[in-house]
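Coordinate analysis (summary)
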Amino acid sequence: MMSNENQYKIAKQKTNLENFIFDAIIYITLAFVVIVTVYPFWNTIAVSFNDGLDSIKGGIKLWPRKFSLENYKALFITDYIFRAGLISLSRTVIQTVLSVFCTAMLAYSLSRKEFVLRRFFTTILVISMYVNAGLIPGYLLIKKLHLVGNYAVYIIPCIIDVFNFILIRTYINGLPDSFVESARIDGANEFRIFMQIIFPLIIPSVAMICLFVAVGAWNSWFDTYLYCSRNKNLHSLQYVLMSYLNASQNSNTGADAGAKALAAANGAAVSQVTPVSIRASITIVASVPILLVYPFVQKYFVVGMTIGGVKE
């Protein structure tokens, strides 16, 4: 008969072995996910810094085979790309600030129990999230508002986001009512209560939503295509890059012909710019700004999704 001590040691060794195997499987799976996620982006960086004609040969993995900056020179050789970048940057900042602030104010207003019509307005907002009139009625509405070809078309239609409204309202509903009641006893009005008490408490949710709105605004190009395509001064960076990409893909079937078309439009060297290389440069230019911003709000992301998405 085995002693209890020996049985305990065997059971402990078995448990440690099972935990080791389980941890190994998790680490291997996570390493595979990281490689699958990071490698395509890293490979795109390598191609973007590689000579265009050399990229056509393929075989580029982690490092440029023939380093060159001509791909980026082809993008930034004119003021057009800088002006488009300024449009994208300004619309991203303005849209993020206004959308988050106005949505948060609406969420606070409709979270107050003393507001008797809060359920009615909330229902209307939720219905609008699921039922959409469609592209043509939306365009006609924008045209009736005289926003076609106007910078305001990037801002006004995006001031209120219903999904973000639901997240913020749920977050606010989880806060103790005593905060608001004590402020009212001290004579604070609703706007002061929102700005000095409620808003600082919902910063995690607001930071998460700022990321959502900023990414959406930065990556948006279809609204430019619909409403501002005729006004080059209002072209966003994503729209310009999409136009470059289409030009490189549709100019001709040969790589040299694609390079000539793109180089003629940008003044770059024909022998060093091809659709393959310019496509990689476009991807990097469009992705880097968001990648730089994300680390600053990442710590709020999980907290905001957890607290703002659960209602007790």
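The notes below deal with the structure included here. (Residues numbered from 1 in each chain as written. Predicted model: local features only at pLDDT ≥ 70, side-chain atom pairs only at ≥ 80, totals over all residues. Heavy atoms only, no water.)

It is worth spelling out the packing of aromatic side chains at this point. Each aromatic ring pair is characterised by the separation of its centres together with the angle its planes make. On inspection of all chains with the given rule, the structure shows 13 aromatic pairs. The interplanar angle of 90 degrees and the centroid separation of 5.7 Å between the aromatic rings of Trp42 and Trp63 together place this pair among those described as edge-to-face. Here the residue Trp42 occupies a position in helix H1 (residues 4-48), and Trp63 occupies one in the loop between helix H2 (52-56) and helix H3 (70-76), the gap between them amounting to 21 residues. A relative accessible area of 63% means that Trp63 is categorised as exposed. Between Tyr108 and Phe194, the ring centres sit 5.8 Å apart and the planes meet at 45 degrees, which makes this aromatic pair tilted. With a gap of 86 residues between them, Tyr108 in helix H4 (residues 79-109) and Phe194 in helix H9 (residues 190-201) connect regions that are remote in the sequence. (Phe/Tyr/Trp six-rings, centres within 6.5 Å; stacked < 30°, edge-to-face > 60°. Helix = DSSP H or I, 4+ residues; strand = E, 2+ residues; numbered from the N terminus. Buried < 20%, exposed > 50% of the residue type's maximum accessible area, 1.4 Å probe, protein only.)

Once that is clear, we can look at the packing of H4 against H9. Closest axis-to-axis distance for the H4/H9 pair is 11 Å, and the angle between their directions is 110 degrees. Compared by their axis directions, H4 and H9 come out roughly perpendicular. The chirality of how H4 crosses H9 is right-handed. Two secondary-structure elements touch here, H4 through Phe101, Ala104, Met105 and Tyr108 and H9 through Glu190, Phe191, Ile193, Phe194, Met195 and Ile198. Tallied by class, the residues present in the contact of H4 with H9 amount to nine nonpolar, no polar and one charged. (Axes fitted to C-alpha atoms, helices over the stretch in contact; angles between N-to-C directions. Parallel < 35°, antiparallel > 145°, perpendicular 65-115°, else oblique. Left-handed = near helix turned anticlockwise from the far one by under 90°. Contact = heavy atoms within 4.5 Å. Nonpolar A, V, L, I, M, F, W, Y, C, P; charged D, E, K, R; others polar.)

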